[in-house]
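# Structural characterization, general
Given next are the chains, with one letter for each unit.
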Amino acid sequence: GNAYTQANTLVKSGCNILISFGFAGALDPQLSAGDLVIPKSVVDAEGNIFKTDDSLHQKITSHFSKKFKLSSGRLFGSETIIWGADEKKRVFKMYSTATVDMESLGVAQAAHESNCSFLIIRAISDTANQNLPVESLKSIDLNSKIKIGYILKDLAKNLNELPSLLRLAQNSHKAQACLRDVARLGFGM
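This write-up is about the structure you can find in this document.

Scoring rules and cut-offs
- Residue positions within a chain follow its written sequence, with the count starting from 1.
- Local features are withheld for residues below a pLDDT of 70 in this predicted model, meaning they are given only at 70 or higher, and side-chain atom pairs are given and counted only at 80 or more; totals for whole chains, interfaces and linings count all residues.
- Side-chain calculation: all heavy atoms of the structure are included, whereas hydrogens and water are not.
- Here a strand is any run of E in DSSP of at least two residues, a helix any run of H or I of at least four, and the numbering for each starts at the N terminus.
- Here the expected span of a helix is defined as 1.5 Å times the quantity of residues minus one.
- We call a residue buried when its accessible area falls under 20% of the maximum for its residue type, exposed when it is over 50%, and partly exposed in between, using a 1.4 Å probe and counting protein chains only.
- Should a side-chain nitrogen of Lys or Arg be within 4 Å of a carboxyl oxygen of Asp or Glu, the pair is scored as a salt bridge.
- Here a residue-residue contact requires only that any non-hydrogen atoms of the pair lie within 4.5 Å.
- Polar contacts, as counted here, are pairs of nitrogen or oxygen atoms within 3.5 Å of one another; within protein the pair requires one atom able to donate a hydrogen and one able to accept it, and residues that are adjacent in sequence qualify only if both atoms are side-chain atoms.
- DSSP-based pairing: two strands are paired if at least 2 bridges between them are found.
- Lines fitted to C-alpha atoms define the axes, with helix axes restricted to the stretch in contact, and inter-axis angles between N-to-C directions lie between 0 and 180 degrees.

### Notes on helix α7 (residues 162-185)
Taking 1.5 Å of rise per residue, the 24 residues of α7 would be expected to cover 34 Å, and the 35 Å separating its terminal C-alpha atoms lies within 8% of that figure. Three or more residues of α7 are buried, namely L165, L168, N171, S172, A175, C178, L179 and V182.

### Comments concerning the pattern of salt bridges
A complete count under the given rule lists 5 salt bridges for this structure. Among the salt bridges present, the one from E103 reaches R122, with a minimum N-O distance of 3.2 Å. Of the two residues, E103 is situated in the loop between β7 (99-101) and α4 (104-114) and R122 in strand β8 (residues 117-126); the sequence distance between them amounts to 19 residues. The exposure class of R122 is buried, given its relative accessible area of 4%. Via salt bridges that share partners, D101, E103 and R122 belong to a single interconnected network.

### Some points on the environment of L168
With respect to the secondary-structure elements, L168 resides in helix α7. Residue L168 is classed as buried on the basis of its relative accessible area of 14%. Once the C-alpha coordinates of L168 and D126 are considered, the two residues, 42 residues apart in sequence, prove to be 6.4 Å apart.

### Remarks on the environment of Y4
The residue Y4 is located in helix α1 (residues 2-12) in this model. Residue class for Y4 comes out partly exposed when judged on its relative accessible area of 27%. In the structure, Y4 is positioned 104 residues away from A108 in sequence and 8.0 Å away in space, judged by C-alpha atoms. Residues contacting Y4, with those up to four places away along its chain left out, are G106, Q109, A110 and E113. At 2.4 Å, the side chain of Y4 forms a polar contact with the side chain of E113.

### Points about the sheet that holds strand β1 (residues 17-26)
Spatially, β4-β3-β6-β7-β1-β8-β2-β5 is the arrangement adopted by the 8 strands of the open sheet, whose pairing is mixed. In the strand order of this sheet, the two ends are held by β4 (49-51) and β5 (70-71), each with one partner. Along the sheet, helix α2 (residues 54-64) makes contact with β1, β2 (36-37), β5 and β8, crossing β8 at roughly 40°. Against the sheet, α7 engages β1, β2 and β8, with an angle of about 145° to β8.

So this is what it looks like as structure tokens:
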């Protein structure tokens, strides 16, 4: 919802291209942490498909293909965090989507409603076979800053999640490095 609201604010301020930029979870088992994905479309839970701008997609994939191995598979716009590998597998099969995030759908909807172009540029932060540490991260409020104290408190109660939390941190670091490289190269538009 917040991504939709912010995207609408940008469009009303005169923005004519929206880019959903950040992390995504992999649904396709072929994707690795730190891989760059530039989906051609985003699909919602009802099966509605929002396509990115073809011309811009071609330009940006051509620009980044010199530096990165790219994936253009469809992205699933989720309303909730997909915590487990089994759920990722189910969504992958049900919607034929390679990745998932919680922001791109809102950006796509705002772009569609205002007849504005949009793109999606995401780096993989968690793999398809990776379970996220539910108990350790349940205190995170998606509308505010991450509060390390709460995470540590929850982790102390669920020490068995430490390997999952460390793996998520390591994979998120790879995704962040990828996005840093993308920013250094610019979007080439």
